[in-house]
Amino acid sequence: MHGSTTDTILEISDVTKSFGQVAALKSMRLKVRRGRVHTLLGENGAGKSTLMKILAGVHEATSGVITLDGRPYRPADPQDAAALGLAIVFQELSLCSNLTVAENILATREPRRFGFINDKALVAKARAIVADLGLPIDVSEKIGNLSIAQRQLVEIAKGLSHEAKVVILDEPTSSLSDSEAEILFEIITRLKQRGVAVIYISHRMEEIMRLSDDITVIRDGEYVSTHDRDDVTIEALIALMVGRRMDEIYPPRTHEQSAKTAPVLSIDSLTRDGEFDDISFDVRPGEILGFFGLVGSGRSEVMNALFGMKAATGTVRFEGQPVRFRSPAEAISRGIGFVTENRKEEGLVLSHSVGWNISMAALADFTGPLGFTRSRAEREAAAVEVGRLAIKTHSLDTPSGSLSGGNQQKIVLAKWLLTRPKVLILDEPTRGVDVGAKFEIYKIIRQLAAEGTAILLISSELPEVLGMSDRVVVMHEGGIGATLSGADLSPETIMAHATGFQS
Amino acid sequence: MTQQSETQAAFMRALKQYGGILLSLVMLCVIFSFLNPRFMSVVNFMNILQQVAVVAIAAFGMTWVILLGEIDLSVGSIIAVAGMVGAQCFAFGLGFAPAIVITLLAGALMGMLNGVLTAKLLLPSFIVTVATMGIYRGMVSLPTNGAPAMIENATWTAIGTESFLGLPIIIWVVAVLFVVNHILLSKTSFGRRAYLTGGNREAAVYSGIKVDRLKITIFMISGVMAAISGVLLSSRLFSAQTNAGMSYELDAIAAAVLGGTSLAGGVGTMVGTLIGALIIGVMNNGMNMLSVPYFYQLIVKGLVILIAVWLDVRAKQAKR
């Protein structure tokens, strides 16, 4: 058949991969066609990353056959894979922050002249690549000066700058705002038109349903099924992925929020020059107050100021008393907890054990009169949290870095639960977490609220904010666009306030 | 029975952790006893322990600093300043007790300056302590214009020369400081905070650890340890020398790193550092007994450190 939209470009048959005794992949199958977006769906630990690393030439398959364009495909290393026509954009950022965008995009293949890097040609070539993709980025800017979202776009540009037949995008939108994600979706559409096949990995179901042509579900290292997008529902996919039915993604409220209780935390005209302006809100015990805003709207900055990381003007009242936290230690001692946005940078000490990480913020409670750590009490308390949050870990002594993203996030949650917070700030608590773990985290949040903890839930995922919050503060360019509740809580109203199209 | 298996597990863990460097230590001892029959004797081992004391104590302090992901290059200079401060106290007619208190305070103060400059002015500790290394070294010569100062206080000199219960006092000092540092690091919340902060400073800040205060305290510990080293050294020499402790910071760093302390921070133990210091002591002593010229000693010491660290790194990579 002639049609270039139907024939197979990449075929994976019966591929297995073992690491020592552990089988990461068992008889994996995948058939990717030209000019189509093929989504690979599975929980963290299902084997997606292993499969992608085999395709990228990082790992070698233990057995099985892969063909690219009809020829056997066995890349020796990532450079070989790129040369054979397979480009991959990893979810972990792999850019050098002290170099420019252009230098990063063309790293290891800089245009040369007499053996030296030809800067002019480098910038011109990079500019052409960026313009071709329609990215609003200055190629001579240093990576370190870009936002996380912009870096992600550069990462994508770097991956796509190779002449690729197959492009793998591994959670490319995890740190993009909606408008930035739109840019990416346009790029994907353009790739499809050129006949490039895209393997897409994401946990965002709405996005998957919008972009994909084909969807393959994998579970526990095994192939489950492949579907045409039009023949399948989100609910069915989730059920296939987690291997059980999930009635609802967002667990229902178990208690009614009383409007009469006095607020535990009141913020009045909190301002920090250049970051946020005149922020006022309050939150009552047991309430889940959602914060929605596009990347750069100042949500995380407000929370950092609230937590004593940064100075700001304005009034903060905690349990009716005016307070001013000069350090996180002061905020924590009053009963504020903060699950930060970047769990690897600010949440966990990856090289240290699960137990040490869990007790980290409550260490003072486990310290005897002479400064000795009461390690038995500490371990018992940590074990209780591991059980309560169902953290899947071999033992308390396992390094936290060796756990999956969802379990790492639960460790961060456990760390704050151990401080018995009255107010818990959650900044993107489900980023990079698979659907199963997401559901568990939502249940924990609900339970905490039912126990009387006030929750500030920051999220870039609109369905999450809508599904979980009692009220929603919408932020726009460092200010509050609106505080919505009840009937006003609709995706349309929230987006209108977040984008500033309504005042 | 579970008690026994727990002890067994702990033993296996210790073997895995220290097996590599312990093996290096034993191998060095075997080689030296083949080359010189007098090496393997109780008297000589006492000798080694006394010789290594000054470096070992400085290395205990260094372990704290490196654990935090920092470095302290000023300890060699602090060693010299401590001796001179003691000598000057006696020159002013003070007794032993006030002299030792003032000396240790001087060490704490010099460490505090390193810590404050690093934590509060956000200067890299490498640069700060390169600078203070020069400043402190220069200060040693201020009271005497570069001449050595005799120390005649009998209690002070007894520390380095007398024995207590059959063991040289100097060995008691090392033993006590080892136990104190080991307990402080492995059993207290202060030690835990050092491990956590060294492992991820940002996460430590967000978890309410007062990182600046911790850093300053740890530089002060390093300063006090170096000052104690200075007391031992000057008591062995009956005098304060302006070039005392020159380049000892490098031996202290080597001891800590040989003992498995990671320069990236977050990893290290006092047990490891003690073994590392012993390796350095055995090498110095063994080569001196064989009358190896000093410049050859430097070359051999450098190579042994490289090989030992390489073996250790390789073993840890294989475990992953």
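This one's a predicted model, so the numbers in the text were calculated from it and none came from an experiment.

Draft legend 1. Structural view of the overall build of chain A. A count of helical and extended segments in chain A gives 17 helices and 22 strands. By the compact-globule yardstick of 23 Å for 503 residues, chain A fits well, its C-alpha radius of gyration being 24 Å. Its C-alpha atoms put chain A at 70 × 50 × 50 Å along the principal axes. Going through the 503 residues of chain A one by one, you find that 46% of them count as buried.

Draft legend 2. Quick peek at the overall build of chain B. Counting its regular elements, chain B contains 13 helices and four strands. The C-alpha radius of gyration computed for chain B amounts to 20 Å, which stays within 12% of the reference 20 Å derived for 320 residues, consistent with globular compactness. Projected onto the principal axes, the alpha-carbon positions of chain B cover approximately 60 × 55 × 40 Å. For chain B, buried positions account for 48% of its 320 residues. Considering only residue pairs separated by 6 or more positions, chain B has 79% of its internal contacts joining residues 24 or more positions apart.

Draft legend 3. Molecular detail of the confidence of the model for chain B. Residues and elements named next belong to chain B. Taken residue by residue, chain B gives an average pLDDT of 90. The fraction at 70 or more is 96%. Per-element averaging of pLDDT across chain B places helix α13 (residues 294-319) at the bottom with 77 and helix α4 (residues 96-119) at the top with 97. Across the whole predicted complex the pTM is 0.77, and at the interface the ipTM reaches 0.87.

Draft legend 4. Spatial organisation of the sheet that holds strand β20 (residues 454-459) of chain A. Residues and elements named next belong to chain A. Pairing is mixed in the open sheet, where six strands are placed in the order β18-β19-β20-β15-β21-β22. Both edges of this open sheet fall to β18 (336-339) and β22 (479-485), since each of them pairs with a single strand only. The sheet shows a mean angle of 15° between the axes of neighbouring strands, taken without regard to direction. Summarising the sheet, β18 and strand β19 (residues 423-427) pair through four bridges and their orientation is parallel. Residue pairing across strands places Phe 338 opposite Ile 425, the latter belonging to β19. Running over the sheet, helix α9 (residues 299-306) touches β15 (288-293), β18, β19, β20 and β21 (471-476) and is turned about 145° from β20. The strands touched by helix α15 (residues 435-450) are β15, β19 and β20; relative to β20, the strand with the most contacts, the crossing angle is about 150°.

Draft legend 5. How the structure looks around the interface of chain B and chain A. At the interface, 19 residues of chain B touch 22 residues of chain A. Of all elements in the fold, only α8 (189-199) and α9 (201-206) of chain B reach the threshold of two or more residues within the side of chain B that touches chain A. Ranked by residue count, the leading element in the side of chain B that touches chain A is α8 of chain B, at seven residues. By residue class, the composition of the side of chain B that touches chain A is seven nonpolar, seven polar and five charged.

Draft legend 6. Seen up close, helix α5 (residues 125-140) of chain B. All names here are of chain B. For α5, spanning 16 residues, the distance from its first C-alpha to its last is 22 Å, which sits close to the expected 22 Å at 1.5 Å a residue. Buried residues of α5: Ser 125, Val 128, Thr 129, Thr 132, Tyr 136, Arg 137 and Val 140, and no others. Down the axis, α5 shows its buried residues gathered within 155° of arc, on one side only. Looking at the buried positions of α5, the neighbouring elements they touch are α3 (75-91) and α4.

Draft legend 7. Structural detail: the domain arrangement of chain A. Residue and element names in this part refer to chain A. Annotation of chain A at the domain level lists domain 1 (8-242) and domain 2 (265-335 + 421-499). Taking only C-alpha atoms, the centre of domain 1 and the centre of domain 2 are 33 Å apart. Counting residues at the interface gives 15 residues for domain 1, matched by ten residues for domain 2. If you list the elements that add at least two residues to the side of domain 1 that touches domain 2, you get α6 (178-193) and α8 (234-242). Residue composition of the side of domain 1 that touches domain 2, by class: four nonpolar, six polar and five charged.

Draft legend 8. Expanded view of the environment of Ser 63 of chain A. Residue and element names in this part refer to chain A. Structurally, Ser 63 can be placed in strand β4 (residues 63-68). Judged by the 11 C-beta atoms lying within 10 Å of it, Ser 63 falls in the exposed class. Expressed as a C-alpha distance, the spacing of Ser 63 and Asp 14, which sit 49 residues apart in the sequence, is 7.5 Å.

Draft legend 9. Representation of the sheet that holds strand β17 (residues 321-323) of chain A in the model. Residues and elements named next belong to chain A. Spatially, β14-β13-β16-β17 is the arrangement adopted by the four strands of the open sheet, whose pairing is antiparallel. Of all strands in the sheet, those with a lone pairing partner are β14 (276-283) and β17, marking the two edges. Strand after strand, the sheet turns through a mean of 20° between neighbouring axes, direction not considered. Pairing between strand β13 (residues 265-272) and strand β16 (residues 313-318): five bridges, direction antiparallel. Within β16, the residue paired with Asp 268 across the bridge is Thr 315.

Draft legend 10. Representation of the pairing of strand β9 (residues 166-170) of chain A within the structure. Residues and elements named next belong to chain A. Burial runs high along β9: five of the five residues are buried. Burial along β9 is two-sided: the residues Val 166, Ile 168 and Asp 170 and Val 167 and Leu 169 are all buried. Across four bridges, strand β6 (residues 86-89) lies against β9 in parallel orientation. Its bridge partner lying in β9, Ala 87 is registered against Val 167.

Draft legend 11. Summary view of the packing of helix α2 (residues 42-67) of chain B against helix α10 (residues 211-237) of chain B. All names here are of chain B. For the pair α2 and α10, interaxial distance at closest approach is 8 Å and the crossing angle is 175°. As judged from the angle between their axes, α2 and α10 are roughly antiparallel. Only Ile 218, Phe 219, Ile 221, Ser 222, Met 225, Ala 226, Ile 228, Ser 229, Leu 232 and Leu 233 of α10 make contact with α2, whose side of the interface consists of Ala 53, Val 54, Ile 57, Ala 58, Phe 60, Gly 61, Met 62, Trp 64 and Val 65. For the contact of α2 with α10, the class distribution of residues is 16 nonpolar, three polar and no charged.

Draft legend 12. Representation of the packing of helix α7 (residues 169-187) of chain B against α8 of chain B within the structure. All names here are of chain B. Between α7 and α8, the least distance of the axes is 5 Å, while the angle of their chain directions is 70°. In this view, α7 runs roughly perpendicular relative to α8, as classed from their interaxial angle. Residue-level contacts link Leu 184, Leu 185, Ser 186 and Lys 187 of α7 to Phe 190, Gly 191 and Ala 194 of α8. For the contact of α7 with α8, a count of residues per class yields four nonpolar, two polar and one charged.

Draft legend 13. Region of the structure containing unusual backbone geometry. All names here are of chain A. For Ser 269, which is not glycine, the phi torsion reads 40° and is therefore positive. The residue Ser 269 is located in strand β13 in this model. Judged by C-beta crowding, with 12 C-beta atoms within 10 Å, Ser 269 ranks as exposed. Its identity as a non-glycine residue notwithstanding, Glu 319 has a phi of 50°, on the positive side. Within the element layout of this structure, Glu 319 appears in the loop between β16 and β17. Assessed through the 15 C-beta atoms surrounding it within 10 Å, Glu 319 is described here as partly exposed.

Draft legend 14. Structural view of helix α4 (residues 119-133) of chain A. All names here are of chain A. For α4, spanning 15 residues, the distance from its first C-alpha to its last is 21 Å, which sits close to the expected 21 Å at 1.5 Å a residue. The set of residues buried in α4 consists of Leu 122, Ala 126 and Val 130. Angularly, the buried residues of α4 cover 55° about the axis, an arc narrow enough to put them on a single face. Opposite its buried face, α4 presents the exposed residues Lys 120, Ala 128 and Ala 131, each directed more than 90 degrees away. Elements in contact with the buried residues of α4: α3 (101-105), β8 (116-117) and α5 (148-160). Looking one or two residues beyond α4, the residue adopting positive phi is Gly 134, at roughly 70°.

Analysis parameters
- Residues numbered from 1 in each chain as written.
- Chains lettered and ligands numbered in written order.
- Predicted model: local features only at pLDDT ≥ 70, side-chain atom pairs only at ≥ 80, totals over all residues.
- Helix = DSSP H or I, 4+ residues; strand = E, 2+ residues; numbered from the N terminus.
- Rg over C-alpha atoms; globule rule 2.2 N^0.38 Å.
- Buried ≥ 20, exposed ≤ 12 C-beta atoms within 10 Å, placed from the backbone.
- Contact = placed C-beta atoms within 7 Å.
- pLDDT = per-residue confidence, 0-100.
- Pairing = 2+ DSSP bridges.
- Axes fitted to C-alpha atoms, helices over the stretch in contact; angles between N-to-C directions.
- Nonpolar A, V, L, I, M, F, W, Y, C, P; charged D, E, K, R; others polar.
- Expected span 1.5 Å × (residues − 1).
- Arc of directions from axis to C-beta.
- Domains from an automatic or database assignment.
- Parallel < 35°, antiparallel > 145°, perpendicular 65-115°, else oblique.

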